[in-house]
Amino acid sequence: MSADEIDIRARRQVAAEERRMRSRHSMSLRDASAEFIRHPSPWIMAAFLATALVARMWLGGWGLADLLVPVVMVASFPLVEWLIHVFVLHWRPKRLGPVTIDPLVARKHREHHRDPRDIPLIFIPWQVLIAVVIAAVIVGLFVFASVERGLTFLVVLPAIGLVYEWTHYLIHSDYRPRHAFYRRLWRNHRFHHYRNEHYWFAVTTAGTVDRLLRTDPDPDTVEKSPTAKDLHALSRTSH
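A quick note: this is a predicted structure, and the numbers were derived from the prediction, not measured. (Residues numbered from 1 in each chain as written. Predicted model: local features only at pLDDT ≥ 70, side-chain atom pairs only at ≥ 80, totals over all residues. Heavy atoms only, no water.)

### Here's the deal with the packing of helix H8 (residues 147–172) against helix H9 (residues 180–194)
Item 1. Packing of H8 against H9 brings their axes to within 10 Å, and their N-to-C directions diverge by 70 degrees. Taken together, the axes of H8 and H9 lie roughly perpendicular to each other. Counting all contacts with H8, which are made through Thr167, His168, Leu170, Ile171 and His172, the residues of H9 involved are Tyr182, Leu185, Trp186, His189, Arg190 and His193.
Item 2. Residues that form the contact of H8 with H9 fall into these classes: five nonpolar, five polar and one charged. (Axes fitted to C-alpha atoms, helices over the stretch in contact; angles between N-to-C directions. Helix = DSSP H or I, 4+ residues; strand = E, 2+ residues; numbered from the N terminus. Parallel < 35°, antiparallel > 145°, perpendicular 65-115°, else oblique. Contact = heavy atoms within 4.5 Å. Nonpolar A, V, L, I, M, F, W, Y, C, P; charged D, E, K, R; others polar.)

### Quick look at the pattern of salt bridges
Item 1. One pass over the full model with this rule turns up seven salt bridges.
Item 2. A salt bridge links Asp66 to Arg56; the nearest nitrogen and oxygen atoms lie 3.1 Å apart. Note that Asp66 is positioned in helix H4 (residues 65–89) and Arg56 in helix H3 (residues 40–59), a separation of ten residues in sequence.
Item 3. Arg56 sits in the buried class, given a relative accessible area of 1%.
Item 4. Between Asp174 and Arg117 there is a salt bridge, with the nearest N and O atoms lying 3.0 Å from each other. (Salt bridge = Lys/Arg side-chain N within 4 Å of Asp/Glu carboxyl O. Buried < 20%, exposed > 50% of the residue type's maximum accessible area, 1.4 Å probe, protein only.)

### Focus: H3
Item 1. Taking 1.5 Å per residue, 20 residues should reach 28 Å; H3 reaches 29 Å between its end C-alpha atoms and fits that length.
Item 2. Residues of H3 that are buried: Ser41, Pro42, Met45, Phe48, Ala52 and Arg56. Axial view of H3: buried residues confined to an arc of 130 degrees, hence all on one face. Facing away from the buried side of H3 by over 90 degrees, the exposed positions are Trp43, Thr51, Val54, Met57 and Trp58.
Item 3. Buried residues along H3 sit against helix H2 (29–36), H4, helix H7 (126–142) and H8.
Item 4. Positive phi shows up at Gly60, right after H3, with a value of about 70 degrees. (Expected span 1.5 Å × (residues − 1). Arc of directions from axis to C-beta.)

Next comes the structure, spelled out in structure tokens:
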């Protein structure tokens, strides 16, 4: 299939999706919440958060660093989110001799781009979350100067994760934006999926790290990408 044919197909898909979006009825936050809790990742993160919080409260030994750790984590999260989205989720499969390096999370994200309306694909795969939890526990208990601060890190991490997971799910649901802040998030992520996948990588913030790293252009100046729903398609067809 030529690049022109891919572009025509992509434009037709975008137009069809926009028509479907206009025809769908908005859902309530209650209905959105009911769907959200049917999936494993919110439960995994909530259990992780509850366990870490109980352990942190039981251990005590509070200090100024317990304020500093969450401030640093929240402040740096937009950049972390951007880096993960660009370099992990949009990972191009690579050949290393007979082995293809193509992580599960990248494969699932390509499926998510192919069908942004597929609800299970919106969520972080549970296998990936289990690996993240294990890695986080190792970092929290062995990298920080004290167990107390490590547990604070382990409380804040799943809390941030739940905010990310809820925001990302809500943007892809039929819930319609009612407040300016959420409208901006909704708009930016929709542009990432339906206009051009090379921009608007932040999900939980808007106009911050994307603007800093020059991935927040005026949408009217950006052409609709032929590969927004088929990541890396042109690179595959060129080989």
